[in-house]
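Next come the chains, spelled out residue by residue.
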Amino acid sequence: MAKNAAKLFEENLRYSNGEPVKVVIADTTIGRVAEAAACADKFRREGVDITLTVTPCWCYGSETMDMDKNTIKAVWGFNGTERPGAVYLAAVLAAHAQKGLPAFGIYGKDVQEADAEEIPEDVKGKLLRFGRAAIAAATMRGKSYLQIGAVTMGIAGSIVNCEFIEEYLGMRVESVDEVEIIRRMSEGIYDHEEFERALSWTESHCREGWDKNPDFVKRNDEQKQRDWEFVVKMMCIIKDLMNGNKNLPEGREEEAVGHNAIAAGFQGQRQWTDFYPNGDFAEALCNSSFDWNGAREPYILATENDTLNGLGMLFMKLLTGRAQIFADVRTYWSPDAVKKATGYELEGIAKEAGGFLHLINSGAACLDACGEVKDENGNGVIKPFWEMTEADQKACLEATEWCAADNGYFRGGGFSSRYLTRAEMPATMIRLNLVKGLGPVLQICEGYTINLPDEVSDKIWKRTDYTWPCTWFAPRVTGEGAFKTAYDVMNNWGANHGAISYGHIGADLITLASILRIPVCMHNVPEE
């Protein structure tokens, strides 16, 4: 059982950097406490964070169980009558509960023969779901959330709660003022070779779009060129702040180590954006699955330093290996409102949902969300970053234009990515909220991006900002409660932002939330 489970994990699970997971197996079977202690010693030497106990038979639960308070635990009890692995499973889970050591119980639906070696499909699903969630939880431990700046426009999610991040996620908070970016620019504390390469790539691949600004505030070509150089250098520096860079100039050893950040947020508004080019370029490209270095693990960089939304993006990136969307949950559009504004009657998923939500923000939506990357059947998809080909990257870049920032809103200039999600894709939107006296709670909404006719999209899109990336989202409705219609989802959403991932991953998120001890207060994940 142990070897089969190890093979299943190694063939199907990856770390966040794309490498297959490594599995360590005890040297012997574990029947009594001495063997359990020997196994624990081996796991400590090997740096094991996650343990799976497997058994086809009865053994002494409290003598053989994993007693390490820091490991993430599951127990798979074989469903067979000749040797009662299920009895051990029930007994040892009782011991885990009594000792305050949470563990997942995994038990197959159908009785197997005593000598069966195959893993039933339902058990495979449970093992892999536990594995994905446990790897995500373990990966966050010891890492940092880096806030660049502080509170943005009074948004509560940007008021960083160190206690939550430390106690629930095992992370720490690092803070730097936005002026650190200017210091590094002014003093040349960046990777000059990478900057030149990044600027050349940007000039070749990032198409400049239309400029909506009236002539009296429009920036000239020379000013825009300076803005391009600024925002590219800014992205290089933000990456260095997060993870360090050994190629910084000599004598900058302190800056070269970075902040060990697995996620970050950039304040921007308004003090920065009133005076300097905005952070949209850095946010959009950091969150994408590629840049001038080719395909790579997406960063997590939350616009407006919305820490809670950035952490939601982090949860889903670690579960899927895919780039994430950061967006305002901006507007609910009812069928009647759409018809009044455009003359169009909703069809398909949007009609079934009783309307749809407009997901849009100026910054941190990954370019992957344009829907132009296709799977083997020609369907729009956001791929895991290790599957992103050069053709996929080109498709995202060709679907995106970079419009001059609205200088009435971003007085310091800059550029905003602009694309329309032109594919119907399964998606999951979440929001992590903090409630006084209760703590963190998680909202989960599975649904689909929808592809409206261009003339309909244009009319609705222009009601907000036509220079920002635009996604239409229809929740999967249930006809009752918070999921009665799309309107009810909007009406029950806990904040102005949402984090959105490709795929229906609500069950994985519930599993991760249980590991992190975060209650799920709203979801539409089917029971099956």
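The preceding data block contains the structure.
About the criteria used
Residues numbered from 1 in each chain as written. Predicted model: local features only at pLDDT ≥ 70, side-chain atom pairs only at ≥ 80, totals over all residues. Heavy atoms only, no water. Helix = DSSP H or I, 4+ residues; strand = E, 2+ residues; numbered from the N terminus. Expected span 1.5 Å × (residues − 1). Buried < 20%, exposed > 50% of the residue type's maximum accessible area, 1.4 Å probe, protein only. Arc of directions from axis to C-beta. Contact = heavy atoms within 4.5 Å. Pairing = 2+ DSSP bridges. Axes fitted to C-alpha atoms, helices over the stretch in contact; angles between N-to-C directions. Polar contact = N/O pair within 3.5 Å; in protein donor to acceptor, adjacent residues only side chain to side chain. Salt bridge = Lys/Arg side-chain N within 4 Å of Asp/Glu carboxyl O. Phe/Tyr/Trp six-rings, centres within 6.5 Å; stacked < 30°, edge-to-face > 60°. Lys NZ or Arg CZ within 6 Å of the ring centre and 35° of its normal. Parallel < 35°, antiparallel > 145°, perpendicular 65-115°, else oblique. Left-handed = near helix turned anticlockwise from the far one by under 90°. Nonpolar A, V, L, I, M, F, W, Y, C, P; charged D, E, K, R; others polar.

Focus: helix α2 (residues 33-46)
Logical step 1: Here α2 contains 14 residues, and its C-alpha end-to-end distance of 20 Å stays within 8% of the 20 Å for a straight helix at 1.5 Å per residue.
Logical step 2: Buried residues of α2: A36, C39, K42 and F43, and no others. The buried residues of α2 occupy an angular sector of 125° when projected down its axis, which confines them to one face. Away from its buried face, by an angle of more than 90 degrees, α2 presents the exposed residues V33, A34, R44 and R45.
Logical step 3: Next to the buried residues of α2 lie β1 (50-55) and α3 (61-64).
Logical step 4: Count one or two residues on from α2 and you reach G47, which has phi positive near 75°.

A look at the sheet that holds strand β14 (residues 415-418)
Through backbone hydrogen bonds, the strands of a sheet pair up, either in parallel or in antiparallel fashion.
Logical step 1: The strand order across the open sheet formed by three strands is β6-β13-β14, and the pairing between neighbours is mixed. Sheet topology places β6 (207-208) and β14 at the edges, where each strand pairs with a single neighbour.
Logical step 2: On the sheet, helix α9 (residues 221-243) packs against β6, β13 (401-404) and β14 and is oriented at approximately 75° with respect to β14.

A word on the side chain of T342
Logical step 1: Relative to the assigned elements, T342 resides in helix α13 (residues 335-342).
Logical step 2: On the basis of relative accessible area, T342 is assigned to the buried category, the value being 16%.
Logical step 3: At 2.7 Å, the side chain of T342 forms a polar contact with the backbone oxygen of V338.
Logical step 4: Residues contacting T342, with those up to four places away along its chain left out, are V456, K459 and I460.

Considering the side chain of Q267
Logical step 1: The residue Q267 is located in the loop between β7 (261-266) and α11 (280-287) in this model.
Logical step 2: Of note is the side chain of Q267, whose polar atom sits 2.8 Å from the backbone nitrogen of A150.
Logical step 3: Setting aside its immediate chain neighbours within four residues, Q267 contacts I148, G149, A150, V151, T152, E178, E304 and N305.

Some remarks on the sheet that holds β1
Logical step 1: The strand order across the open sheet formed by three strands is β1-β2-β3, and the pairing between neighbours is parallel. The open sheet has two edge strands, β1 and β3 (103-107), and neither has a second partner. In this sheet, adjacent strand axes meet at a mean angle of 20° when their direction is disregarded.
Logical step 2: Taken together, the five bridges between strand β2 (residues 72-77) and β3 define a ladder with parallel strand orientation. Looking at the pairing, K73 lines up with A103 of β3.

Concerning the pattern of salt bridges
Logical step 1: Counted by the stated rule, this structure contains 36 salt bridges.
Logical step 2: Here R44 and D41 are joined by a salt bridge, their closest N and O atoms 2.5 Å apart. Taken together, the positions of R44 and D41, both in helix α2 and three residues apart, correspond to about one turn of that helix.
Logical step 3: The class for R44 is exposed, based on a relative accessible area of 53%.
Logical step 4: Judged by its relative accessible area of 36%, D41 is partly exposed.

Observations concerning the packing of aromatic side chains
Logical step 1: With the rule as written, the count across this model stands at 19 aromatic pairs.
Logical step 2: Between W272 and Y276 the ring centres are 4.7 Å apart and the planes differ by 45°, which places this aromatic pair in the tilted class.
Logical step 3: Feature note: the residues F230, F266, W272, F275 and Y276 constitute an aromatic cluster, connected by ring pairs.
Logical step 4: Positioned above the aromatic ring of F195 is the side chain of K233, whose terminal nitrogen or guanidinium carbon lies 4.7 Å from the ring centre.

As for the environment of A391
Logical step 1: Along the chain, A391 falls in helix α15 (residues 390-399).
Logical step 2: By relative accessible area, which is 54% here, A391 ends up exposed.
Logical step 3: As for A391 and V373, which are separated by 18 residues in sequence, their C-alpha atoms are 8.5 Å apart.

Considering the packing of α9 against α11
Logical step 1: For the pair α9 and α11, interaxial distance at closest approach is 8 Å and the crossing angle is 50°. Judged by the angle between their axes, α9 and α11 are oblique. For the pair α9 and α11, the crossing hand works out as right-handed. Every residue of α11 that contacts α9 at W228, V231, V232, M235, I238 and K239 is listed here: F281, A282, L285 and C286.
Logical step 2: Of the residues assigned to the contact of α9 with α11, the class counts are nine nonpolar, no polar and one charged.

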